[in-house]
Amino acid sequence: MKAVLRGVSLTMVAIPVLVAVFGPAFEALAPKERQVPFGPSTWSPFGTDRLGRDVLAAALDGGHTLLLVTALTVLCAYVIGFSAGMAAAVAPRRWLEDLLMRPLDVLLCLPSLLIIMVAAVRSNGSAVAIAAAVGLALIAPIARFVRMAARDVVHGPVMDALRMQGESRRYRYGRYAVRELARPIAADVGVRIGAAVYFLASANFLGLGFDTTSTDWAVAVAANKDGLAIAPWSVLVPGGLIVLLVLGLNLLWDDLLADPRRIATNDAVRAARHG
């Protein structure tokens, strides 16, 4: 059963990722001339969108930007948030920890979509500015999570014992702390990826990001929603790819990061019941 679920989640992630990575090469084979809006297409069975473009061709071309911007945004946000959270966790004085975290607490109080909307308005819809706003919205929760996860590790009895044994700072933090934090940090990365996709897709859906003629999946959902009744594939194809990506990532992350000790215990209990 576990192998089946992992295969399903891998498939769910692989479909949008492969479409985003290799889709532009296949999109080049599609006819460039516009056809009847929200009508049948000569290239695929999914019909055309509101601009007369083939729905499948547009979907093949619309995912690479979303994935690239999501990856870069989460990476940059995690570098900054992780550094701030770790610095606060290892701070020797409480006032120093407060000095590091209070500005981030103020940032955490601001609605994320409000930050994105302000950045979009001030930059005339610049994709770079919107990506930076999404990253800014992610930094505060990342820093708080890292501080919470690292605090018990760096101030725990094991760290004190290693210090008393004369272990170097490199060993204490580079090996022990990293090993203890790897699983919760990896789980949080999966959450932030899903959040970044949500924020970027929301911005594009609201018309704050890419131009409304863009083939971006979220833009396509927003632009073609008026034709949902007569051309449902123009919304279902790009929307389905976004859903597959986010849902598949969450399922796959949960499976890969499951505690092996808990899994072994559950398997033993299940075997005992059936035995």
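Our subject in this report is the structure included herewith. Note on numbering: residues in each chain are counted from 1, in written sequence order. The predicted origin of the model limits local features to residues at a pLDDT of at least 70 and limits the giving and counting of side-chain atom pairs to 80 or more, whereas totals for whole chains, interfaces and linings rest on all residues. Water and hydrogen atoms play no part in the side-chain values, which are based on all heavy atoms of the structure.

1. Structural notes on the side chain of Thr70
Next up, step 1: Along the chain, Thr70 turns up in helix H3 (residues 64-89).
Next up, step 2: Accessible area is worked out with a 1.4 Å probe on protein chains only. A residue is then buried under 20% of its type maximum, exposed over 50%, and partly exposed in between. Judged by relative accessible area, Thr70 falls into the buried class, the value being 6%.
Next up, step 3: By definition, residues are in contact when any of their heavy atoms lie within 4.5 Å. Apart from the residues lying within four places of it in its own chain, the contact partners of Thr70 are Ile193, Ala196, Val197 and Leu200. By the criteria applied, helices consist of DSSP H or I runs no shorter than four residues and strands consist of E runs no shorter than two, each listed in order from the N terminus.

2. Considerations on the nonpolar core
Next up, step 1: Among the buried residues, those of types Ala, Val, Leu, Ile, Met, Phe, Trp, Tyr and Cys that are joined through side-chain atoms within 4.5 Å form a nonpolar core. Ranked by size, the top nonpolar core spans 57 residues in total, and within it Leu104, Ile116, Ile130, Val134, Leu138, Leu181 and Trp217 carry the most contacts.
Next up, step 2: At 13 residues, helix H6 (residues 127-154) tops the list of elements feeding residues into this core.
Next up, step 3: Aside from chain neighbours lying at most four places away, what touches Leu181 is Met86, Ala149, Ala150 and Val153.

3. Regarding the layout of surface pockets
Empty space left among the atoms is revealed by rolling a probe the size of a water molecule over them.
Next up, step 1: One number sums up the size of the second largest pocket: a volume of about 220 Å³.
Next up, step 2: A cavity here means a set of 1 Å grid points, computed over protein atoms only, where a 1.4 Å probe fits but cannot escape. A pocket is an open set with protein on both sides within 12 Å along at least 5 of 7 lines, and lining residues have an atom within 4 Å of a point. If you trace the second largest pocket, you find 14 residues lining it, with Leu67, Thr70, Ala71, Ile193 and Leu249 closest to the centre.
Next up, step 3: Counting residues per element, the ones that place at least two in the lining of the second largest pocket are helix H1 (2-27), H3, helix H8 (169-205) and helix H10 (233-256).
Next up, step 4: With seven residues, H3 is the largest single contributor of residues to the lining of the second largest pocket.
Next up, step 5: Tallied by class, the residues present in the lining of the second largest pocket amount to 13 nonpolar, one polar and no charged. Grid points are joined across faces, edges and corners, and a volume is the space filled by probe spheres set on the points. Note on residue classes: Ala, Val, Leu, Ile, Met, Phe, Trp, Tyr, Cys and Pro are nonpolar, Asp, Glu, Lys and Arg are charged, and everything else, Gly too, is polar.

4. Describing the packing of aromatic side chains
Next up, step 1: By convention, a stacked pair of Phe, Tyr or Trp rings (six-membered ring in the case of Trp) has centres within 6.5 Å and planes under 30 degrees apart, an edge-to-face pair has planes over 60 apart, and any other such pair is tilted. For the structure on display, the rule yields two aromatic pairs.
Next up, step 2: Here the aromatic rings of Phe46 and Trp233 are separated by 5.2 Å at their centres, their planes lie at 75 degrees, and the arrangement is edge-to-face. Of this pair, Phe46 sits in the loop between H1 and helix H2 (55-61) while Trp233 is found in helix H10, placing the two residues 187 residues apart along the sequence.
Next up, step 3: Between Tyr198 and Phe199 the ring centres are 5.3 Å apart and the planes differ by 55 degrees, which places this aromatic pair in the tilted class.
Next up, step 4: By relative accessible area, which is 49% here, Tyr198 ends up partly exposed.

5. Focus on the pattern of salt bridges
Next up, step 1: Here, a salt bridge means any Lys or Arg side-chain nitrogen found within 4 Å of an Asp or Glu carboxyl oxygen. For the structure shown, the criterion picks out seven salt bridges.
Next up, step 2: Its salt-bridge partner being Asp98, residue Arg102 comes within 3.2 Å of it at the nearest N-O pair. Residue Arg102 and its partner Asp98 are located together in helix H4 (residues 94-109), separated by four residues, close to a single helical turn.
Next up, step 3: For Arg102, a relative accessible area of 40% translates into the label partly exposed.
Next up, step 4: For Arg102, the salt bridge is made with Asp105, and the minimal N-O distance between the two is 2.7 Å. One end of the pair is Arg102 and the other is Asp105, both in helix H4 and three residues apart, which spans about a single turn.
Next up, step 5: Asp105 sits in the buried class, given a relative accessible area of 16%.
Next up, step 6: Three or more residues are tied together by salt bridges with common partners; here these are Arg94, Asp98, Arg102, Asp105 and Arg144.

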